[in-house]
Amino acid sequence: MFDEETQKELLQEFFSENREALGRIEMGLLQLESDPTDRDRLNSIFRDMHTVKGNCRMMGFERLEELTHAAETLLDLMREGVRLLDQRIGNTLLEVLDTVREALQEIAQTGSEGEADFTRSIAALARLQPEATDDGQPSTTPSEQLPDWALQGSSDQGDANHDSPAVGDSSAVGEKTQSVSVKLESIQLSIDRLDSLMNQVGELGAAFNQLKYAIASNPDQIDQILEVHGQQIYRLQDELLQCRLQPIGRVWQSYHRLVRDLAVETGKKVILELVGEETEVDRHVLVAIREVLGHLIRNAVDHGVEPPQERSVKGKSPIGRVTLSAEQKHGQIYLEIADDGRGIDVDRVRAKALVRHLITHEQANEMKEAEILKLIMMPGFSTADQVSKISGRGTGMDVVQTAIDKMGGSISIFNQAGHGSRFRLRIPQTMAIVPVLLVSNDTTTYAVPQVNIIELVSFYGQEILSQIESKLQSPMVRVRNHLYPLVPLQRTLARNGPGRSGAREMQRLRGKEAVHVVVVQSEEQIFGLEVDTIREPASLVIKPMARLFGHVTILAGTAVMPDGSVSFLLNVPELIKFINE
């Protein structure tokens, strides 16, 4: 028998290897549906299922071994050409994978299989095996091969009340679509990276010993040692951040299953296209955006993509396309979820908003299309006429908006009636340690993300008169021959603060001895943020805002400073939105 510590390590390896194998099996089955004769892919699926079965046998989980053995038997018949993958076989095998995942979760929580009963799943697998012929051998008549579009969905149930687009929610999801899950409890590190981390920890230990010696014997060296110590800590933080970065495709692969199941459930034909899977994101961000992207993909398949007949009448391919893409720019991740479906019916959104008293008739007549599109992000908004398993309860898009706001990101909606819609998300690459510039206003310290900062400028005396101008009754700051709106941080923090009048604001500015400006940018908008004091750059461990202050969207988090005070991280996109309003 193994000791407790060894047993724990074996279980961790068991869970890790099986999760990866199950993920490969699931992806392989989804790809195999487009070409059931692909022997290489089928052999790979079989090998992974054999690995899962062997792991279960080794760890003594007999019932789970019996279930995976039954699945392996069916896959072996497929390898021999006795059976050919069809939708019924695909559905059954995918459901078996879900059952195995649930069993692994039970084992992780309790250490045993519990009371799990796999007889129904085993019987379902047995029913898919061919009946024996007169000579006692199984029939070798293969199942009908599926067409190419079956990569994501293989049923054609016609137009089930999808004559007009419904947007705004897609979280009352059916049992099949709820099975999508990705576990991120562990990460893989190279030996070189582990050696680098160990060396840096060793350097920190040496610097700490030097610091103790200097305190006791040579105080003149303390400042120098602290400087070296700080640089070592920053290098270690950067190395750890790199360790936390994971390819976003690690989460994305699960969406193939989601789209496939939604397509089957809604009677549509949909292909999911992935672009930029290698883009690296902090693992905490991966967890935070998983459900967000799930909502938007469900919305695209359920509300955006039309049924095959409707697409054919419009001259489109009967196969709809949903594209999920990612790219990294300047420390930010840009995600897009696009579909080639109906697009969003702006008039319908406006009408529903009026019925739900979200806007007045006067507002409805004056709103631009971009403003109307934003209404779908409001709590409780939905254009669905009926409640289905997938949508109609008015939840979903407001959840997306809330999650993006918490991450300090933004979302933009683009629409082309009759040709599809596109949702563009901007989120930080990491949510743990954020490089910032510290600034002060009155007695409070604020942190401005360095990724949003263009430059810092200070004006003194006569420079204030020449570099700050009044345009359209608002102060503007001139930086390198460009004029940008100038907004005092105090005004964004207190709606009734000074400077509500353009004339009063210019008078206040011209009466100051010095004006300090942080020029910041989000998307394409640039403005100058006036602060009392520009302090030093720093790398802060950011904690989420307390629930009590969750409604203060211009603040994205907090950090504890060395003196024990609290600094607030500014949410620059929300600042710009607030200023525009």
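Residues numbered from 1 in each chain as written. Predicted model: local features only at pLDDT ≥ 70, side-chain atom pairs only at ≥ 80, totals over all residues. Heavy atoms only, no water.

Q: Give me the lowdown on the overall build of the chain, citing residues and values where you can.
A: Within the chain one finds 18 helices and 18 strands. Looking at the chain as a whole, 49% of its 581 residues qualify as buried. Contacts in the chain between residues far apart in sequence, at least 24 positions, make up 73% of those at least 6 positions apart. Of the roughly 29400 Å² of accessible surface on the chain, a fraction of 49% belongs to carbon and sulfur atoms. (Helix = DSSP H or I, 4+ residues; strand = E, 2+ residues; numbered from the N terminus. Buried < 20%, exposed > 50% of the residue type's maximum accessible area, 1.4 Å probe, protein only. Contact = heavy atoms within 4.5 Å. Areas by Shrake-Rupley, 256 points an atom, 1.4 Å probe, with all protein chains shown as cover.)

Q: Quick one: what's the story with the pattern of salt bridges, residue by residue and with numbers?
A: Tallied over the full model, the rule gives 32 salt bridges. A salt bridge links Glu306 to Lys314; its shortest N-O distance comes to 3.1 Å. The network of salt bridges with shared partners includes Glu26, Glu33, Asp98, Arg101, Arg257, Arg260 and Asp261. (Salt bridge = Lys/Arg side-chain N within 4 Å of Asp/Glu carboxyl O.)

Q: Can you explain the pairing of strand β18 (residues 566-570)? Please cite residues and give values.
A: By the bridge criterion, 3 bridges tie strand β9 (residues 444-449) to β18 in an arrangement that is parallel. Looking at the pairing, Ala447 lines up with Leu569 of β18. Here 5 bridges tie strand β17 (residues 555-560) to β18, and the two strands are oriented antiparallel to one another. The residue bridging Ala559 from the neighbouring strand is Ser567, located in β18. (Pairing = 2+ DSSP bridges.)

Q: How would you sum up the environment of Gly60? Please name residues and give values.
A: Take Gly60: it is sitting in the loop between α2 (39-58) and α3 (62-79). The spatial distance from the C-alpha of Gly60 to the C-alpha of Ser112 is 9.5 Å, given a sequence separation of 52 residues.

Q: Lay out the environment of Ile222 in plain terms, naming residues and giving numbers.
A: Among the structural elements, Ile222 can be located in helix α7 (residues 222-244). Not counting chain neighbours up to four residues away, the residues in contact with Ile222 comprise Leu211, Ala214 and Ile215.

Q: Any chance you could break down the sheet that holds strand β12 (residues 474-479) for me, citing the residues and the numbers?
A: An order of β10-β14-β15-β13-β12-β11 is seen for the 6 strands of this open sheet, with the pairing classed as mixed. Here the strands that pair on one side only, and so sit at the sheet edges, are β10 (453-460) and β11 (468-471). Direction aside, the axes of adjacent strands within the sheet are offset by 40 degrees on average. Of the strand pairs in this sheet, β12 and strand β13 (residues 482-488) are connected by 4 bridges, and their pairing is antiparallel. Each residue of the ladder has a partner; that of Val479, found in β13, is His482. Strands β11, β12, β13, β14 (514-522) and β15 (525-531) of the sheet are contacted by helix α17 (residues 502-510), whose axis makes an angle of about 175 degrees with β11. Here helix α18 (residues 572-580) sits on the sheet in contact with β13, β14 and β15, set at roughly 90 degrees to β15. (Axes fitted to C-alpha atoms, helices over the stretch in contact; angles between N-to-C directions.)

Q: Report on the pairing of β12, specifying residues and quantitative values.
A: In summary, the side chains of a regular strand alternate between the two faces of the sheet. Relative to β12, β11 runs antiparallel, the two being bridged by 4 bridges. The residue of β12 that forms the bridge with Lys471 is Ser474. Here β11 hands over to β12 after 2 residues, with Leu472 in that stretch at a positive phi of 55 degrees.

Q: Describe unusual backbone geometry, listing the residues and the values that go with them.
A: The bulk of non-glycine residues show a negative phi, and the bulk of peptide bonds are trans. With a phi angle near 60 degrees, His357 is a residue other than glycine that sits in the positive phi range. Secondary-structure assignment places His357 in the loop between α11 (346-355) and α12 (361-366). Under the relative-accessibility criterion, His357 is labelled exposed at 70%. One non-glycine residue with positive phi stands out, namely Asn481, at about 65 degrees. Looking at the element boundaries, Asn481 is found in the loop between β12 and β13. Note on Asn481: relative accessible area 68%, which makes it exposed.

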